[in-house]
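Residue-level structure breakdown
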Amino acid sequence: MTTMTIAPAGTGDNADDRWEAGYTDGELAAITGLTERRARARAEMADDHDPLYAAGYWDGYLHTTAVNGAHNPKQGQTR
């Protein structure tokens, strides 16, 4: 006989869950190469509905962009 462990999912009821969901989405947006202009527009649209998600989204996007830039020092340089 098996038992199923039930854990609460991030349903958005908790402020931390909403911010973390936005952060993860922001990270994925940066990894997939979304431009800063589009990421900013998405965060601004989300801010009307869920400011915590929007803040997390923007934080995740900026953090991942900074980390990727630090790992690739030639990024953004011209010859």
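Residues numbered from 1 in each chain as written. Predicted model: local features only at pLDDT ≥ 70, side-chain atom pairs only at ≥ 80, totals over all residues. Heavy atoms only, no water.

Our next topic: the pattern of salt bridges. It is possible for side chains of opposite charge to pair when their charged atoms get near one another. Here the structure, examined in full by the defined rule, presents 2 salt bridges. Linking Glu 36 and Arg 40 is a salt bridge whose minimum nitrogen-to-oxygen distance equals 3.3 Å. Of this pair, Glu 36 and Arg 40 are both found in helix H2 (residues 36–49), 4 residues apart, which corresponds to roughly one turn of the helix. According to the relative accessible area criterion, Arg 40 is partly exposed, its value standing at 37%. (Salt bridge = Lys/Arg side-chain N within 4 Å of Asp/Glu carboxyl O. Helix = DSSP H or I, 4+ residues; strand = E, 2+ residues; numbered from the N terminus. Buried < 20%, exposed > 50% of the residue type's maximum accessible area, 1.4 Å probe, protein only.)

Here we come to the packing of aromatic side chains. For the structure on display, the rule yields 3 aromatic pairs. Ring centres of Trp 58 and Tyr 61 lie 5.7 Å apart, and the angle between their planes is 10 degrees; on these two criteria the pair is classed as stacked. Within this pair, Trp 58 and its partner Tyr 61 are both found in helix H3 (residues 51–71), separated by 3 residues, close to a single helical turn. Using a relative accessible area of 18% as the deciding quantity, one classes Trp 58 as buried. (Phe/Tyr/Trp six-rings, centres within 6.5 Å; stacked < 30°, edge-to-face > 60°.)

Before going further, it helps to examine the environment of Glu 36. For Glu 36, a relative accessible area of 43% puts it in the partly exposed group. Expressed as a C-alpha distance, the spacing of Glu 36 and Leu 62, which sit 26 residues apart in the sequence, is 8.8 Å.

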